[in-house]
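A look at the structure
One letter stands for each residue in the lines below.
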Amino acid sequence: MESSSKLPLHLCHVHKLSIFINRTHIFFHSIALVFLLYYRASFFFFQDTTKTKASTLAWLLVFVSEIFLSFEWLLSQSFRWRPVSRTAFPERLPDDDKLPAVDVFICTADPEKEPTVGVMNTVLSAMAMDYPPEKLYVYLSDDGGAAVTLKGMREAWRFAKWWLPFCRRYGIKCRAPEAYFSAEEEEADFGGSEFIQEREDIKEKYEVFKKRVRENATVGDTRSRLGRDHPAVIEVIQETSSDDAIQENETKIMPLIVYVSREKRPSHPHHFKAGALNVLLRVSGVISNSPYILGLDCDMHCHDPSSARQAMCFHLDPKISPSLALVQFPQKFQNISNNDIYDSQLRSTFWLLWQGFDGVGGPCVSGSGYYIKRLSLCSNSIHEDGDPMKLRQSFGPSNEFIKSLHQNKKPDMLIHRKKALLNEAQLLASCAFENGTEWGKEVGFMYGSVLEDYFTGFRLHCKGWISVYCNPPRPQFLGSGTTNLDDFLVQLTRWTSGLVDVAISKFCPLVYGPLKTYTFVQSMCYADLALFPIFYFLPLWCFATIPQLCLLNGIPLYPEVSNSYFIVFSFVFLSSILKHLYEVLSTGFTFRHWINEQRIWMMKSVTSHLYGSWDAFMKKIGMREASFFPTNKVDDVEQLKRYNMGVFDFQTSILFLAPMAALVILNMASFAVGISRVIFLGELDKFFIQVFIPFYVILMNYPIIEGMLIRKDRGRIPPSVTLLSAIVSLIFYFLGSIIFM
């Protein structure tokens with residue numbers, strides 16, 4: 001142990017080749033953008049006999065769009081400035097008795113969209129982590145207040161007394177029972193009849209467990225009828241069973257699991273997931289008060305039991321520990337097909353951007369799979385010990401919670417003070433507890449956005465904390481990604497609304513962050529995340545309509561092929577798509593995935609980014625309240641079949657379908673007119689780029705054309721929507737004819 005203690009607990013690898021390629025590309029692409037913008041600006045300052053009010057307006061709109069996209073591109077290069085990767089060495093950690101305790105926070109909100117069996121699998125996988133069980137505490141926040149969830153926790157406790165010893169005895173890696181038993185191949189062949197027999201016994205018990213949970217869902221309520229009006233319920237699950245005839249030394253030590261359903265009243269704001277997490281932060285403070293917290297989504301089970309030990313390789317490193325707030329692991333998904341048509345696995349985020357984020361100060365909190373230091377959430381600054389006189393004003397009237405801020409050990413929970421502390425926990429989970437405090441403003445998870453993870457990470461970095469990103473070869477956490485277009489676009493709309501909420505607030509990263517974050521480049525990363533929805537939906541709506549309408553009316557917007565500036569526009573286009581293709585291929589994906597990302601980028605930019613931005617602006621001016629809808633985790637068999645076949649399922653809102661279909665129809669019409677101009681009028685040189693743009697849009701969005709004109713299955717675009725979209729396209733055409741004639 002002495003020799004291993006001298007070795008580093010982790011290593012940071014700087015990707016020098018990627019840095020060289022990225023910065024070289026930034027240099028040449030920036031020069032091309034300068035020439036492109038100069039060409040656009042020169043139109044307004046030099047005399048042109050062909051200049052009209054119509055062409056001036058069209059040029060101005062395209063010019064502004066190109067400025068927006070150029071600025072967005074510049075911000076996005078912050079992620080590519082200094083990519084790094086990290087390797088942890090958990091075998092070099094100190095002995096188990098010297099490891100710190102960990103609280104696990106799991107949030108669920110709706111048992112109809114988040115099935116209880118799946119949630120309990122996440123709970124069981126967290127309980128079974130390879131970590132001292134006496135230092136592991138698992139909390140489940142049930143924001144739906146559903147009886148079936150509480151009963152599911154009790155059933156999970158009973159089954160865990162069999163499941164945990166089995167995992168420890170045979171070194172099982174995948175410790176979510178559903179994922180383990182449904183795997184096509186067993187993780188290991190222990191070659192013994194004893195293992196095979198015990199595995200079958202555990203599998204039978206798991207089937208009984210699932211049956212009991214589902215019976216509870218059938219007999220009881222799946223969602224509380226008082227979902228937004230119910231008292232707090234807190235229960236430490238400690239039920240014992242007399243028929244558990246397994247080794248006493250393996251059942252005595254079990255992680256503590258706690259069910260928490262906070263009080264919710266219609267008259268009090270509940271602040272969505274951030275409010276639930278802050279309740280868990282307070283309740284756990286008087287029950288276990290572990291110095292580190294693992295945040296998990298209810299559908300993101302622990303796929304590798306070593307994640308806590310890997311996180312401790314960073315948190316226990318004395319060189320970075322004093323300023324380290326969190327260790328973020330990537331979100332990866334077990335239900336994503338090889339042909340990921342919706343880009344549900346977020347390749348660019350977790351395979352590329354977060355490595356660059358890590359190189360300039362660390363990524364933001366990413367919703368799930370993060371180990372965060374409790375002190376970072378309960379302190380205004382890492383350099384501030386906290387004024388005892390102000391603690392009550394900041395943290396509320398609970399004396400027990402105030403005491404927890406000054407100690408790094410768990411309270412005396414399971415002895416004579418158990419009942420008193422549970423009563424205190426009820427107070428901490430009340431909806432009025434935060435009134436007049438700093439919860440959600442300066443301490444805890446931040447309010448003000450439905451994306452509490454992004455906002456919380458940004459505020460932590462502005463207070464001087466840093467973070468790291470660790471992406472081991474084996475996924476530490478696996479979950480369920482969206483596998484239909486409707487859930488995908490609804491989820492993106494919610495994310496967009498949360499990001500734009502921050503962008504248009506006083507905490508806009510471009511204004512609030514540059515002098516506060518670890519580096520200026522880190523502020524650029526945060527700014528890109530907050531602003532990209534706005535900087536995408538405005539230009540893409542413009543590029544999907546203005547060049548096409550001008551082509552229909554014979555107005556050129558781009559240089560002729562014989563013009564030297566044609567090379568500039570061609571270079572910018574090819575530079576962008578080839579760099580994207582390089583990044584896709586270099587992260588281990590395929591050309592088909594590049595096409596999928598190009599396609600879904602167009603779809604979400606003209607729909608989710610538009611509606612999410614509009615939602616944020618409406619909330620800003622008080623026209624509507626913030627809303628939050630959990631993503632559906634229940635699979636539709638037919639939709640799942642189409643997804644696995646690589647076929648788009650267009651069973652979604654007309655608000656999503658109509659804009660996409662209308663723009664494709666408009667581009668089809670303009671492409672047809674452009675081809676006729678090339679053939680009959682010989683205007684290829686004049687309109688080459690304007691003919692190419694609708695061609696590229698049609699090529700990338702062929703599934704929409706197929707859904708409108710070819711397919712007959714339930715997943716097609718309904719004929720009524722196609723007709724409505726055609727009418728909208730005609731309206732675009734007539735408006736364009738009026739404006740650009």
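Residues numbered from 1 in each chain as written. Predicted model: local features only at pLDDT ≥ 70, side-chain atom pairs only at ≥ 80, totals over all residues. Heavy atoms only, no water.

1. Things to note about the overall build of the protein chain
In terms of regular secondary structure, the protein chain is built from 28 helices and 13 strands. Put simply, of all contacts in the protein chain between residues at least 6 apart along the chain, 85% involve residues at least 24 apart. With an accessible surface of roughly 31,800 Å², the protein chain has 61% of that area assigned to carbon and sulfur atoms. (Helix = DSSP H or I, 4+ residues; strand = E, 2+ residues; numbered from the N terminus. Contact = heavy atoms within 4.5 Å. Areas by Shrake-Rupley, 256 points an atom, 1.4 Å probe, with all protein chains shown as cover.)

2. Some thoughts on the packing of aromatic side chains
Aromatic ring pairs are reported here in terms of the distance separating the ring centres and the angle at which the planes meet. One pass over the full model with this rule turns up 56 aromatic pairs. Look at Phe159 and Phe209: their rings are 5.4 Å apart centre to centre, the planes differ by 20°, and that puts the pair in the stacked class. Placement of Phe159 in helix 5 (residues 147–170) and of Phe209 in helix 7 (residues 193–219) is noted, with a sequence separation of 50 residues between them. Note on accessibility: Phe159 and Phe209 belong to one class, buried. Each member of the aromatic cluster is reached from another via a ring pair, and the members are Phe79, Phe350, Trp354, Phe357, Tyr454, Phe455, Phe458, Phe507, Tyr512 and Tyr526. The ring of Trp81 is capped by Arg23, whose NZ or CZ atom sits 3.9 Å from the centre of that ring. One cation-aromatic arrangement involves Arg92 over Phe89; the distance from NZ or CZ to the ring centre is 4.0 Å. (Phe/Tyr/Trp six-rings, centres within 6.5 Å; stacked < 30°, edge-to-face > 60°. Buried < 20%, exposed > 50% of the residue type's maximum accessible area, 1.4 Å probe, protein only. Lys NZ or Arg CZ within 6 Å of the ring centre and 35° of its normal.)

3. Some remarks on the sheet that holds strand 4 (residues 136–142)
The strand order across the open sheet built from eight strands is 5-6-4-3-7-11-9-12, with neighbouring strands paired in mixed fashion. Across the chains shown, the open sheet's two edge strands, defined by having one partner strand only, are strand 5 (233–237) and strand 12 (466–469). Between one strand axis and the next, the sheet turns by 20° as a mean value, whatever way the strands run. With four bridges joining them, strand 7 (residues 292–297) and strand 11 (residues 370–373) adopt antiparallel strand pairing. Looking across to strand 11, one finds that Ile293 is bridged to Ile372. Across the sheet, helix 4 (residues 116–127) is in contact with strand 3 (102–108), strand 4, strand 6 (256–261) and strand 7; its angle to strand 4 comes to roughly 165°. The sheet strands contacting helix 11 (residues 347–358) are strand 9 (324–328) and strand 12, and the helix crosses strand 12 at an angle near 145°. (Pairing = 2+ DSSP bridges. Axes fitted to C-alpha atoms, helices over the stretch in contact; angles between N-to-C directions.)

4. Section: the UniProt feature "transmembrane region" (unreviewed entry) in the protein chain
Sites flagged by UniProt as "transmembrane region" (unreviewed entry) map to residues 26–45, 57–75, 534–558, 564–582, 654–675, 687–705 and 717–740. Annotated as 100% helix and 0% strand, the span residues 26–45 places its first and last C-alpha atoms 28 Å apart. Within residues 654–675, the helical portion is 100% and the strand portion 0%, while the C-alpha atoms at the span's ends are 31 Å from each other. (UniProt positions renumbered as here; feature names shortened; annotations may be inferred.)

5. Quick notes on the pairing of strand 11
Side chains Tyr370 and Ile372 project from strand 11 onto one buried face, and the interleaved Tyr371 and Lys373 project onto a second face that is buried too. As judged from the three bridges shared by strand 9 and strand 11, these two strands associate in the antiparallel manner. Each residue of the ladder has a partner; that of Gln328, found in strand 11, is Tyr370.

6. Observations regarding the packing of helix 21 (residues 565–586) against helix 26 (residues 684–700)
At their nearest, the axes of helix 21 and helix 26 sit 12 Å apart, and the two run at 20° to each other. As far as their axial angle goes, helix 26 and helix 21 are roughly parallel. Taken as a pair, helix 21 and helix 26 cross one another with a handedness that is left-handed. Seen from helix 21, the contacting residues are Phe566, Phe569, Phe573 and Ile577; seen from helix 26, they are Phe688, Ile689, Phe692 and Tyr696. A breakdown of the residues in the contact of helix 21 with helix 26 according to their chemical character gives eight nonpolar, no polar and no charged. (Parallel < 35°, antiparallel > 145°, perpendicular 65-115°, else oblique. Left-handed = near helix turned anticlockwise from the far one by under 90°. Nonpolar A, V, L, I, M, F, W, Y, C, P; charged D, E, K, R; others polar.)

7. So, the pattern of salt bridges
The full count for this structure, using the stated rule, is 30 salt bridges. Ionic pairing is found between Glu263 and Arg265, a salt bridge with its closest N-O pair at 3.0 Å. When salt bridges with common partners are traced through the structure, they connect Arg642, Asp649, Arg711 and Asp713 into a single cluster. (Salt bridge = Lys/Arg side-chain N within 4 Å of Asp/Glu carboxyl O.)

8. With respect to the environment of Phe195
Within the fold, Phe195 resides in helix 7. Remark: the alpha-carbon pair of Phe195 and Arg169, spanning 26 residues in sequence, is separated by 9.5 Å.

9. Let's talk about the environment of Ile320
With respect to the helices and strands, the residue Ile320 is situated in the loop between helix 10 (307–315) and strand 9. Residue classification places Ile320 among the buried positions, given a relative accessible area of 18%. Between the alpha carbons of Ile320 and Ser467 there is a distance of 9.4 Å; along the sequence they are 147 residues apart. Ignoring any residue separated from it by four or fewer positions in sequence, one finds Ile320 in contact with His10 and Phe314.

10. Comments concerning the sheet that holds strand 13 (residues 477–479)
The three strands are arranged 8-13-10 in an open sheet whose pairing can be described as mixed. Whereas interior strands pair on both sides, the edge strands pair on one side only; in this sheet they are strand 8 (301–302) and strand 10 (332–333). Note that strand 10 and strand 13 share two bridges and pair parallel. Within strand 13, the residue paired with Phe333 across the bridge is Gly479.

11. Some remarks on the side chain of Gln522
You can see Gln522 is positioned in helix 19 (residues 520–543). Accessibility expressed as a relative area gives 0% for Gln522, which makes it buried. Among residues more than four places away in sequence, those in contact with Gln522 are Phe357, Val360, Gly361, Gly362, His461 and Thr517.

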